[in-house]
Amino acid sequence: MANKHIIRTLMVEIPSVPGSLGKLTTVIGLAGGDIGEVETIQVGPNYTTRNITVQVEHEKQLSELLEAVHQLEGGFRIHTVSDEVLRSHEGGKIQMKSKMPIESLADLRRVYTPGVADVCRVIEEEPEKAGIYTSIGNTVAIVTDGTAILGLGDIGPVAGMPVMEGKSALFDQLAGINGVPILLNTKDPDQIVQTVKSISLGFSGILLEDIASPHCFEVEERLKRELDIPVMHDDQHGTAVVTLSAVISACKSAGVDLRKARVGQIGLGAAGLAICRMMMAYGVKNVIGTDKSQIAMTRLENYGGCSVDSIEKLMECSDIVIATTGIPGLIKKEWVRQGQVILALSNPKPEIEPEEALQAGAVYAADGRSVNNVLGFPGIFRGVLNAGFNEITHSMLVAAAEAIAACTKPGDLVPHPLDSNVHKMVAKAVENVDSLSDKEVKHPKICIQRKVPLKSFA
Ligand SMILES: NC(=O)C1=CN([C@@H]2O[C@H](COP(=O)(O)OP(=O)(O)OC[C@H]3O[C@@H](n4cnc5c(N)ncnc54)[C@H](O)[C@@H]3O)[C@@H](O)[C@H]2O)C=CC1
Ligand SMILES: CC(=O)C(=O)O
Ligand SMILES: [Mg+2]
């Protein structure tokens, strides 16, 4: 399966006859197009013009799809084919804007010199007042070295900037936080740690993003230890939080005790290892994992998980399968077992499409678009900033996961990411954790040595 994910908007003139839209969408679907939004542009007595957003795998499929629409009889006509995603990124997605109007000299003297000098003096005398008189208290750095941008790999920090701008836009919209992208021109852990420490004074939190394993582990651990503001690697813990919540919801709907279920993790990098650690710490007794890297498997074993040497074997004996490899189409439908939960979380394309997994017998299936750390990081940071916590603890992550699960409608795996209530509930749950009584979590030592019969989720 190709890795490319193409989104195009087709402006199509459709005969104003009942059934015409159905004919068109059927042709698009048969050509492999995944239809997103349908917008009516103009309704006329003879023709209706609609913008239809479609997703396809590759350019060839797009050409075939356009040809199939051209072949439709009865007066269908494609006006334009536009790349809305690229167009909407022109000029970037974020901006720094002044909150103060500067319209008069008096304004200028208040915002800038000489007025501002008094504010500097106040902060010099009482540094904690920076929290009142500057934006630092509500600002989080989004730091990347560009080494694991989504599942696209080491494409560099500048190519990763659209993702960082996206995280910043989400911070703003979902949690009212200023997220400032910081692109690091180094992959060296010492330099990353030193640079982040050097710039940390301007921030009240650090979100590490798309930094590859294994150096992400060292970078996060050291920054957590050496800084007195909250630090979280989103791909590890944001992902583990939302995955735990999805799994809690799946088990609840299926009437299964999660702690007794067998969880199989494919890909033990940043996201995968953190998911395993989260599951074990939550009390799941059977956690197994596989990775093409032996070092990654040994790392899981050191945390008390059990490794298996092939994806097929893992699929055979897992109730819940979670994949975070970055490899589209890695899971074959023949490997899916009746009643399994399949979370293929790689972006931009999953290891198996949810529809395919469901057809193959999965009872629940989702990809990284819905089970996504966007449900976690905004509320988690809102919570710690509100409470003035200087770290993000395991209990806060579990509280966040349980809050997301509590906001999930029965039968769904996760809530809608734009439901503002979810982010409020996550923030509240994190804020209410008693950080002083939050002890370090020990990961239980558990290893499955034998193959146990599969317990169905159906
Ligand atoms: N849905 C979500 O919220 C999130 C999804 N992800 C996705 O997860 C994927 C991985 O991200 P990270 O963990 O940050 O990357 P990573 O590079 O740290 O980890 C990837 C792991 O997969 C392993 N792997 C690669 N090919 C494999 C194969 N054929 N068989 C077995 N193992 C294989 C690698 O050895 C590595 O250990 C990406 O596609 C990313 O978009 C990551 C974070 C959040
Ligand atoms: C969602 C996200 O953080 C990722 O795919 O890397
Ligand atoms: Mg990421």
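Residues numbered from 1 in each chain as written. Chains lettered and ligands numbered in written order. Predicted model: local features only at pLDDT ≥ 70, side-chain atom pairs only at ≥ 80, totals over all residues.

An unreviewed UniProt entry lists the chain under the name NAD-dependent malic enzyme, with Niallia endozanthoxylica given as the organism. Regarding the chain, the UniProt comment filed under Sequence similarities (unreviewed entry) reads as follows: "Belongs to the malic enzymes family." (UniProt positions renumbered as here; feature names shortened; annotations may be inferred.)

Caption draft 1: Highlighting the pairing of strand β6 (residues 178–183). Summarising the sheet, strand β5 (residues 139–144) and β6 pair through 6 bridges and their orientation is parallel. Residue V140 lies in a different strand from β6, and its bridge partner there is G179. Between the parallel pair β5 and β6, the chain is carried across by helix α7 (residues 161–175), and the sense of this crossover is right-handed. (Pairing = 2+ DSSP bridges. Helix = DSSP H or I, 4+ residues; strand = E, 2+ residues; numbered from the N terminus. Right-handed = clockwise from strand over helix to strand, strands pointing away.)

Caption draft 2: Local environment of the site of ligand 2. Near ligand 2 the following residues occur: L150, D210, D234, D235, N347, G368, N372 and N373. A breakdown of the residues in the shell around ligand 2 according to their chemical character gives 1 nonpolar, 4 polar and 3 charged. (Near = placed C-beta within 6 Å. Nonpolar A, V, L, I, M, F, W, Y, C, P; charged D, E, K, R; others polar.)

Caption draft 3: Highlighting the site of ligand 1. In the region of ligand 1, 31 residues are neighbours, and G151, G267, G269, S346 and G368 sit closest. When residues of the shell around ligand 1 are traced back to their parent elements, those giving at least two are α10 (234–254) and α11 (270–282). Of the residues assigned to the shell around ligand 1, the class counts are 12 nonpolar, 16 polar and 3 charged. Counting only domains with at least three residues in the shell around ligand 1, you end up with domain 3 (141–229) and domain 4 (238–458). (Domains from an automatic or database assignment.)

Caption draft 4: Up close: the sheet that holds strand β4 (residues 77–82). Taken in spatial order, the 4 strands of this open sheet run β2-β3-β1-β4, and their pairing is antiparallel. Two strands in the sheet have a free side with no partner beyond their single neighbour: β2 (34–43) and β4. Pairs of neighbouring strands in the sheet enclose a mean axial angle of 20 degrees, with direction left out of account. The pairing of β2 with strand β3 (residues 47–56) spans 7 bridges and is classified as antiparallel. Looking across to β3, one finds that I35 is bridged to V54. (Axes fitted to C-alpha atoms, helices over the stretch in contact; angles between N-to-C directions.)

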